[in-house]
Amino acid sequence: MLEVRSKRVEEKITFRKRMRLSGRKKVSIIGSGNVGASTAQRIMEKFLADVVLFDIIEGVPQGKALDISEAAPISGADMSVMGTNSYDDTAGSDIVVITAGLARKPGMSRKDLLEKNVSIVREVTKEAVRRSPASILIVVTNPMDLMTYLSWAISGFPKHRVMGMGGALDSARFRCFISDELKVSVENVHAFVLGGHGDLMVPLSRFSTVAGIPVTEMMDKSAIDKMVERTRFGGAEIVELLKTGSAYVAPAAAITEMVEAILRDKKKIIPCAAYLEGEYGVKDLFVGVPVKLGSTGVEKVIEIKLSDEERNSFFKSVDRVRSGVDEIKEMLGNF
Ligand code: APR
């Protein structure tokens, strides 16, 4: 009798509560393509959370999850990585990462692609947040700043629980180029990138440092300008080399950095697309700015004073993001 009762009680405990009781965290990744699967692998290898990989294609998330799980014994990671085509398996996630989307195909216009990804991100956000109403959303699908706005509007979540991944990747690229140029450890290099995740982003060399020394003290302007340009087109450079496909290793590392900052409550300052309500003179838009990431999500937007030139470049980027959001609003009529 007692046994039957305790079984029933156990059944009533939701998956989320079980995860909490065991102290384990749960991250669901919607879209099990290159970025999604690589992120799952990194999260497992860093022992951060149990991972659910979701995709609409049958077999793909299951196959990738199994492959990653079979590497876990070698990593010594007791994390579960499961693949699924059912949103129910994502229920009670602490973090939901959205990487679902389509890549541009030959003959597809920018607008066609935007329409497709708007409809995908809209659908996956609805389904995911219904099962994980207390989660934090990290949006990766491009055009990321726009998709983050859409996901936030659809979710109804407070602003601190929705963010886009872009700046973390852009600043990692900038750091890579600086350390390569100066032949110094990547650990010594910090970089600062503002604005939308696109070719109008603003890598700020004035706030990018090598062991605390501004990079402007260590390199001449033309060398810095070259690296800034390379960072702006960092994604395109990889697409050009790969011919088919786009970057996924560094994007997965950047997502994992954000996941770790949140799950370990690190209060780490990372550039992310965050909802602005007047910071940097921007309202009602997600744009890349340095934020403090901790257990509640975006805990603070870090504001710095920009020079006139920096502000002009930043607003060019902001204007482009705003016109993209307006285009989506027009497309959907209503979120
Ligand atoms: N629901 C769930 N998954 C979907 C849906 C949907 N409605 N539509 C597409 N997907 C899945 C695809 O089946 C595919 O497995 O999204 C995955 C996308 O994976 P890839 O094509 O490999 O793309 P990836 O390189 O992972 O990039 C994902 O991140 O950096 C951005 O620009 C990039 O928007 C792209 C996203």
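Given the structure is predicted, the values throughout are model-derived calculations rather than measurements. (Residues numbered from 1 in each chain as written. Predicted model: local features only at pLDDT ≥ 70, side-chain atom pairs only at ≥ 80, totals over all residues. Heavy atoms only, no water.)

Draft legend 1. Broad picture of the packing of aromatic side chains. One pass over the full model with this rule turns up 9 aromatic pairs. Seen from their ring centres, F192 and F207 are 5.4 Å apart, and the 45 degrees between their planes marks the pair as tilted. Within this pair, whereas F192 is found in the loop between β7 (189-190) and β8 (193-194), its partner F207 is found in the loop between β9 (202-203) and β10 (209-210), the two being separated by 15 residues in sequence. Each member of the aromatic cluster is reached from another via a ring pair, and the members are Y149, W152, Y275 and F286. Between the NZ or CZ atom of R161 and the centre of the ring of F157, over which it lies, the distance is 4.3 Å. (Phe/Tyr/Trp six-rings, centres within 6.5 Å; stacked < 30°, edge-to-face > 60°. Helix = DSSP H or I, 4+ residues; strand = E, 2+ residues; numbered from the N terminus. Lys NZ or Arg CZ within 6 Å of the ring centre and 35° of its normal.)

Draft legend 2. Quick peek at the site of the ligand. Lining the immediate environment of the ligand, one finds 18 residues, of which N34, V35, D55, T99 and N142 sit closest. Between an oxygen atom of the ligand and a side-chain N or O atom of D55, the distance comes to 2.6 Å. Coverage of the ligand by the protein chains reaches 82% of its 730 Å² of free accessible surface. Of all the secondary-structure elements, those providing two or more residues to the shell around the ligand are α3 (34-45) and α5 (110-131). (Near = heavy atom within 4 Å. Polar contact = N/O pair within 3.5 Å; in protein donor to acceptor, adjacent residues only side chain to side chain. Areas by Shrake-Rupley, 256 points an atom, 1.4 Å probe, with all protein chains shown as cover.)

Draft legend 3. Region of interest: the nonpolar core. I138, V259 and L293 are the most contacted members of the largest nonpolar core, which has 81 residues in total. The two domains that each donate at least three residues to this core are domain 1 (2-165) and domain 2 (167-332). Ignoring anything within four residues of it in the chain, the contact list for I138 reads I95, V96, V97, I98, M163, M165, M258, V259 and I262. Counting 14 residues, the second largest nonpolar core, distinct from the first, contains F174, V193, V215 and M227. (Core = buried A, V, L, I, M, F, W, Y, C linked by side-chain atoms within 4.5 Å. Buried < 20%, exposed > 50% of the residue type's maximum accessible area, 1.4 Å probe, protein only. Domains from an automatic or database assignment. Contact = heavy atoms within 4.5 Å.)

Draft legend 4. How the structure looks around the layout of surface pockets. By volume, the second largest pocket amounts to about 680 Å³. For the second largest pocket, the lining is made up of 27 residues, of which S171, R175, H190, E257 and I269 are closest to its centre. Contributions of two or more residues to the lining of the second largest pocket are made by α7 (167-182), α10 (249-263) and β12 (268-277). Ranked by the residues each element gives to the lining of the second largest pocket, the list is headed by α10, at 6 residues. (1 Å grid on protein atoms, 1.4 Å probe; cavity = no way out; pocket = protein on both sides within 12 Å on 5 of 7 lines; lining within 4 Å. Points joined across faces, edges and corners; volume = space filled by probe spheres on them.)

Draft legend 5. Representation of the packing of α3 against helix α4 (residues 60-75). Relative orientation of the contacting elements α3 and α4 amounts to 25 degrees, with a least axis distance of 10 Å. The orientation of α3 relative to α4 falls into the category roughly parallel. For the pair α3 and α4, the sense of crossing is right-handed. Contact with α3, carried on its side by N34, A37, A40, Q41, M44 and E45, involves K64, I68, A71, A72 and S75 of α4 and no other residues of that element. Grouping the amino acids of the contact of α3 with α4 by side-chain chemistry returns 6 nonpolar, 3 polar and 2 charged. (Axes fitted to C-alpha atoms, helices over the stretch in contact; angles between N-to-C directions. Parallel < 35°, antiparallel > 145°, perpendicular 65-115°, else oblique. Left-handed = near helix turned anticlockwise from the far one by under 90°. Nonpolar A, V, L, I, M, F, W, Y, C, P; charged D, E, K, R; others polar.)

Draft legend 6. The domain arrangement of the chain, seen in detail. When cut into domains, the chain gives domain 1 (2-165) and domain 2 (167-332). The gap between the C-alpha centroids of domain 1 and domain 2 is 24 Å. With 39 residues of domain 1 at the interface, the matching set in domain 2 holds 42 residues. Both sides together, the interface formed by domain 1 and domain 2 hides about 3500 Å², and carbon and sulfur atoms give 74% of it. Broken down residue by residue, the surface that domain 1 buries against domain 2 is led by D145, Y149 and M165, which jointly contribute 21%. The tally of links from domain 1 across to domain 2 stands at 3 salt bridges. For K159, the salt bridge goes to E277, with nearest N and O atoms at 2.7 Å. Remark: the boundary between domain 1 and domain 2 carries 9 residue pairs in polar contact (both at pLDDT 80 or more). Among the secondary structure elements, those contributing two or more residues to the side of domain 1 that touches domain 2 are α3, β4 (95-98), α5, β5 (136-139), α6 (144-155) and β6 (162-164). (Buried area = accessible area lost by both parts, 1.4 Å probe. Salt bridge = Lys/Arg side-chain N within 4 Å of Asp/Glu carboxyl O.)

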